[in-house]
Amino acid sequence: MPDKPKLPGLFKGLGITLGILKDTVVDGANTVQYPHEKEAPPIRARGVIALHEDNCTACMLCARSCPDWCIYIEGHKQLAPARRAGGKPRQVNHLDRFDIDYALCMYCGICVEVCPFDALFWSPEYEYSEPKIADLLHDKEKLGEWMETVPEAPALEAGAQKK
Amino acid sequence: MIQFAIEIPYWGQSLLRVLGGLVAVLLPAGTIVYLFLFKMMSFMQSRLGPMEAGPYGSLQLVAEVGKWMQKEDLAPDAADHRIFKMAPLIVLLSTFLLVVIVPFGPDAYFTNFSVGIFLGLAVASVSVLGILIAGWASANKYALLGGLRAAGQLIAYELPMVLAVLGVVIQAGSMNMQEITVAQNTGSWFGLDWFGSPFIVTQFVGFVIFMIAVQAELTQAPFDMPIAESELVSGYMTEYSGFRFLIFFIAEFATAGVFAFIASVLFLGGWGIPFSWFGWDNIDQVPDWMNLVGPLIMFTKMLVLTFIIMWVRFSFPRFREDQLQTFAWKVLIPLALLNTAITAILKVAF
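Being a predicted model, the structure only gives us computed values, none of them experimental.

## Quick word on the overall build of chain B
Right, so step 1: When its secondary structure is counted, chain B shows 13 helices and 0 strands.
Right, so step 2: Listed by position from the N terminus, the elements making up chain B come as α-α-α-α-α-α-α-α-α-α-α-α-α.
Right, so step 3: Overall, the C-alpha framework of chain B stretches about 65 × 50 × 45 Å when taken along its three principal axes.
Right, so step 4: A burial count over chain B gives 52% of its 350 residues as buried.

## Quick look at the interface of chain B and chain A
Right, so step 1: Taken together, the contacts link 20 residues of chain B with 18 residues of chain A.
Right, so step 2: A combined buried area of about 1,600 Å² lies between chain B and chain A, and 72% of that area is made up of carbon and sulfur atoms.
Right, so step 3: At the surface where chain B touches chain A, the tally comes to 0 salt bridges.
Right, so step 4: Elements with a contribution of two residues or more to the side of chain B that touches chain A: helix H1 (10–44), helix H12 (290–315) and helix H13 (321–349) of chain B.
Right, so step 5: With 5 residues, the top contributor of residues to the side of chain B that touches chain A is H12(B).
Right, so step 6: Each residue belonging to the side of chain B that touches chain A can be placed in one class, and the counts come to 11 nonpolar, 5 polar and 4 charged.

## Focus: helix H7 (residues 177–186) of chain B
All names here are of chain B.
Right, so step 1: With 7 of its 10 residues buried, H7 lies for the most part within the structure.
Right, so step 2: Considered for burial, the residues of H7 that qualify are Met-177, Gln-178, Ile-180, Thr-181, Val-182, Gln-184 and Asn-185.
Right, so step 3: Buried residues along H7 sit in contact with helix H4 (116–124), helix H6 (141–172), helix H8 (199–202) and helix H11 (242–267).
Right, so step 4: The N-capping residue of H7, defined by a side-chain oxygen 2.6 Å from the backbone nitrogen of Gln-178, is Asn-176.

## Let's talk about the packing of H1(B) against H11(B)
All names here are of chain B.
Right, so step 1: One can describe the packing of H1 onto H11 by two numbers: an axis separation of 8 Å at closest approach and a directional angle of 100°. Between H1 and H11, the angle is such that the two are roughly perpendicular. In contact with Ala-24, Val-25, Leu-26, Pro-28, Ala-29, Ile-32, Val-33 and Leu-37 of H1, H11 contributes Phe-249, Ile-250, Phe-253, Ala-254, Ala-256, Gly-257 and Phe-261.

## Notes on the pattern of salt bridges
Residue and element names in this part refer to chain A.
Right, so step 1: Scanning the model with the defined rule gives 13 salt bridges over all chains in all.
Right, so step 2: Of the charged contacts, one joins Glu-127 and Lys-38 as a salt bridge, the two residues approaching to 3.5 Å between their closest N and O atoms. In this pair, Glu-127 is assigned in the loop between strand E4 (120–123) and strand E5 (137–138) and Lys-38 in the loop between helix H1 (7–27) and strand E1 (48–51), connecting sequence segments 89 residues apart.
Right, so step 3: Relative accessible area serves as the criterion here: at 35%, Glu-127 is assigned to the partly exposed category.
Right, so step 4: With relative accessibility at 56%, the residue Lys-38 sits in the exposed group.

## Points about a nonpolar patch on the surface
Right, so step 1: Together, Trp11(B), Leu15(B), Val18(B), Leu19(B), Leu22(B) and Leu26(B) make up a nonpolar patch on the protein surface, roughly 610 Å² of accessible area in all.
Right, so step 2: Within the secondary structure layout, Trp11(B) lies in helix H1.

## Focus: the confidence of the model for chain B
Residues and elements named next belong to chain B.
Right, so step 1: Per-residue confidence for chain B averages 84 on the pLDDT scale, and 95% of its residues sit at or above 70.
Right, so step 2: Looking over chain B, one finds the lowest element-wise mean pLDDT in H8, namely 78, and the highest in helix H9 (residues 204–217), namely 90.
Right, so step 3: Scoring the predicted complex yields pTM 0.79 and, for the interface, ipTM 0.73.

## Observations regarding the packing of H6(B) against H13(B)
Residues and elements named next belong to chain B.
Right, so step 1: The contact between H6 and H13 brings their axes to 8 Å, and the two run at 15°. Classified by the angle between their axes, H6 and H13 sit roughly parallel to one another. Crossing angle aside, the handedness with which H6 passes H13 is left-handed.
Right, so step 2: Residue classes in the contact of H6 with H13 are distributed as 17 nonpolar, 7 polar and 3 charged.

## With respect to the sheet that holds strand E3 (residues 90–101) of chain A
Residues and elements named next belong to chain A.
Right, so step 1: Pairing within the open sheet is antiparallel, and its 3 strands lie in the order E2-E3-E5. One side of each edge strand has no neighbouring strand; the edge strands of this open sheet are strand E2 (71–80) and E5.
Right, so step 2: Pairing of E2 with E3 involves 10 bridges; the strand directions are antiparallel. Paired with Tyr-72 across the strands is Asp-99, a residue of E3.

## A look at unusual backbone geometry
All names here are of chain B.
Right, so step 1: Between Ala-221 and Pro-222 the backbone carries a cis peptide bond, its omega angle lying at 5°.
Right, so step 2: Within the secondary structure, Pro-222 is located in the loop between H9 and helix H10 (229–232).
Right, so step 3: You will see that Ala-139, though not glycine, has its phi angle at about 55°, which is positive.
Right, so step 4: By secondary structure assignment, the location of Ala-139 is in the loop between helix H5 (126–137) and H6.
Right, so step 5: According to the relative accessible area criterion, Ala-139 is partly exposed, its value standing at 44%.

Reading the values: the criteria
Residues numbered from 1 in each chain as written. Chains lettered and ligands numbered in written order. Predicted model: local features only at pLDDT ≥ 70, side-chain atom pairs only at ≥ 80, totals over all residues. Heavy atoms only, no water. Helix = DSSP H or I, 4+ residues; strand = E, 2+ residues; numbered from the N terminus. Buried < 20%, exposed > 50% of the residue type's maximum accessible area, 1.4 Å probe, protein only. Contact = heavy atoms within 4.5 Å. Buried area = accessible area lost by both parts, 1.4 Å probe. Salt bridge = Lys/Arg side-chain N within 4 Å of Asp/Glu carboxyl O. Nonpolar A, V, L, I, M, F, W, Y, C, P; charged D, E, K, R; others polar. Polar contact = N/O pair within 3.5 Å; in protein donor to acceptor, adjacent residues only side chain to side chain. Axes fitted to C-alpha atoms, helices over the stretch in contact; angles between N-to-C directions. Parallel < 35°, antiparallel > 145°, perpendicular 65-115°, else oblique. Patch = residues over 30% accessible without salt bridge, like charges linked within 9 Å, V, L, I, M, F, W, Y side chains within 5 Å. Areas by Shrake-Rupley, 256 points an atom, 1.4 Å probe, with all protein chains shown as cover. pLDDT = per-residue confidence, 0-100. Left-handed = near helix turned anticlockwise from the far one by under 90°. Pairing = 2+ DSSP bridges.

This is the structure:
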């Protein structure tokens, strides 16, 4: 004969569900009634990726590391004024296009990790659904706007900076 | 049905009976679904359940029914179409046949059948036919497995249910639901007659066996092996959609309500309040207003019993198929036989 559930355990189980029923009635549910009240995501939540355009060198590392190929970058080389007087004008990459297609993005965060110039950031903002799927392609202006929602980086742990 | 001062023609009585039957089947079903399936289950999982349709989501059921009604009535190509489409109706039919035996008041009954509970147990097994042919006619391996599991389970748990009822029948000395009710409300324990003698006290083992068997008959968890969704999709309901699925759904919860009605008649004293409170000696002295209060009492008892059914459903994980059968054949049936034998001995002794 297979093991039968023990009787006290049965009653304990009933007690647990009844206890949660009581807690929900008295203290309210653990869930949030979403459209009416918003949940505050943790500050490191992966909501949307923001672009700090000035830091971007159009190096394409993010686009090449993206598993979904959802980042589109176009740029051209142009001359910038020299750093020192009398120097040669510098050649820099200018960013023409930086799009992330959130219909494809799987929020792995590899682009944020791989960016060597701190141009990409995670923002916990999550309300950007669109009626049309094409509108999920965020261009660099829109990605730049998300920068306002990027939280301050949390303080480093004690000893983290010691060399 | 309720006897009115004015004479009602036969067709009027029939119409009243049909309307009463619809109310007695659909009202408990709707209440159970909203109160327990939507709300209690959600609360037990620390969430609120439907909140948008109507105040506190009370119109959610209307929305769900509307959704189901407008879905396409699909049937697989390989299905046996006529039988496939008939099956849910057979299941629902057994629910309507079952409610016929339940008395809701001294005169408020559909039919005062002299072997009422016998009829009830007989028509309760009609739903097995519906489920079995639903599983067979779907031409789907999941549906067939689910249908066969359901048949095996319902037959296995029919026995302890019958044997549990036997104890009550022996004690009441009648199979008539009305007389079982009266016997509980006029009885006394050792001269104390302030609370009647509901059979839940003397037949507590029978009550527990009956409720477990009801749980299994309704294929509610932990006895939901026939519709085990993680392995059989939805068992015999797999291929059903639209209003035929709705009928299965209604039948499931309406049968829960009707079985709770029957259990409250058998074990909790039915529509009655202890007759000694008002100085009644037998059913003829019960005044007419009990025909209105009786259904309310029945409804309350039904809610209490379905609360227990649903509470168990939401608390326990599913039995394995072999555990399910072992539990019926090796635990419940011997226990029920023993209960019947002891009841019979005590009945003869006292």
